Amino acid sequence: MRLVLYQPEIAANVGAAIRICACFAAGLDIIEPCGFPFKHKDIRRVGMDYGALSQPLRHDSWAAYGDGDHGYSRLILLTTKGDSDIGKVEFRPDDRIMVGQESAGVPDDVRRSCHLAVRIPLAPNARSLNMAVSAAIALAEARRQLGYE
């Protein structure tokens, strides 16, 4: 199980993602460019000392990430425009869960590369969740289904 951040724009969200991945025993991929210097103090402040448990793999671009042999089965996009609810997904141990940019999500070509596009059900007037919160919900659901094997 891996979390994939597509061109994150907020350093604190990357720190939160590092901590989330460590807590849910998931790997972390970061597709650059990021909207901040990768040594930003907020990454360490929010991620605390969890970086030692969840070292992110950085990829120079979407093309560089897509060209690699990841050995994982599905790329699952979390999006407010998802085709189905996250509660209906049967997670697999080798899934990759991707979140897009905080301001824009992912471009259409990236979305088309994903095997599934799922949404987290929200209250009628709510627009979206923070990307790190969404990632935590998805990884928690995956771990609920799969355990920590």
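Residues numbered from 1 in each chain as written. Predicted model: local features only at pLDDT ≥ 70, side-chain atom pairs only at ≥ 80, totals over all residues. Heavy atoms only, no water.

The protein chain appears in an unreviewed UniProt entry as tRNA (cytidine(34)-2'-O)-methyltransferase from Aquisalinus luteolus. As recorded by UniProt, the Function (unreviewed entry) comment attached to the protein chain reads in full: "Methylates the ribose at the nucleotide 34 wobble position in the two leucyl isoacceptors tRNA(Leu)(CmAA) and tRNA(Leu)(cmnm5UmAA). Catalyzes the methyl transfer from S-adenosyl-L-methionine to the 2'-OH of the wobble nucleotide." Per UniProt, the protein chain carries the Subcellular location (unreviewed entry) text "Cytoplasm". (UniProt positions renumbered as here; feature names shortened; annotations may be inferred.)

(A) Examining the UniProt feature "binding site: S-adenosyl-L-methionine" (unreviewed entry) in the protein chain more closely. The positions that UniProt labels "binding site: S-adenosyl-L-methionine" (unreviewed entry) are, in the present scheme, Leu78, Gly100, Ile120 and Ser128. On the basis of their most widely separated C-alpha atoms, the annotated residues across 51 residues gather in one place, lying no more than 14.2 Å apart. Looking at the secondary structure, you find leucine 78 in strand β4 (residues 75-78). On the basis of relative accessibility, which here comes to 12%, the residue leucine 78 falls in the buried class. Among all residues touching leucine 78, those that are not within four sequence positions of it are Ile86, Ile97, Met98, Val99, Val118, Ser134, Ala135 and Ala138. Inspection of the secondary structure assignment puts serine 128 in the loop between β7 (116-119) and α5 (131-146). Setting aside chain neighbours within four positions, we find serine 128 in contact with Thr80 and Leu122. (Helix = DSSP H or I, 4+ residues; strand = E, 2+ residues; numbered from the N terminus. Buried < 20%, exposed > 50% of the residue type's maximum accessible area, 1.4 Å probe, protein only. Contact = heavy atoms within 4.5 Å.)

(B) Structural detail: unusual backbone geometry. Residue glutamate 32 is joined to proline 33 through a cis peptide bond whose omega torsion reads 15 degrees. With respect to the helices and strands, the residue proline 33 is situated in the loop between β2 (27-31) and α2 (41-47). Positive phi values are uncommon outside glycine, yet glutamine 7 reaches one of about 45 degrees. In this structure, glutamine 7 sits in the loop between β1 (2-6) and α1 (11-23). Looking at glutamine 7, the relative accessible area reads 17%, which means it is buried. Its identity is not glycine, yet alanine 25 carries a phi of approximately 55 degrees, on the positive side. Relative to the helices and strands, alanine 25 resides in the loop between α1 and β2.

(C) Layout of the pairing of β4. Burial along β4 is two-sided: the face carrying Leu75 and Leu77 and the face carrying Ile76 and Leu78 are both buried. Relative to strand β6 (residues 96-99), β4 runs parallel, the two being bridged by 4 bridges. Bridged to leucine 78 within β6 is valine 99. Two strands pair when backbone bridges link them, and β4 and β7 are joined in this way by 3 bridges, in the parallel orientation. Paired with leucine 77 across the strands is alanine 117, a residue of β7. (Pairing = 2+ DSSP bridges.)

(D) Seen up close, the packing of aromatic side chains. Taken as a whole and assessed by the stated rule, the structure comprises 2 aromatic pairs. With 6.2 Å between their ring centres and 70 degrees between their planes, tyrosine 6 and tryptophan 62 make a pair best called edge-to-face. Residue tyrosine 6 is located in strand β1, and its partner tryptophan 62 is located in helix α3 (residues 62-67); the two are separated by 56 residues in the primary sequence. Accessibility classification places tyrosine 6 together with tryptophan 62 in one group, the buried group. Chaining the aromatic ring pairs together yields one cluster made of Tyr6, Trp62 and Tyr65. (Phe/Tyr/Trp six-rings, centres within 6.5 Å; stacked < 30°, edge-to-face > 60°.)

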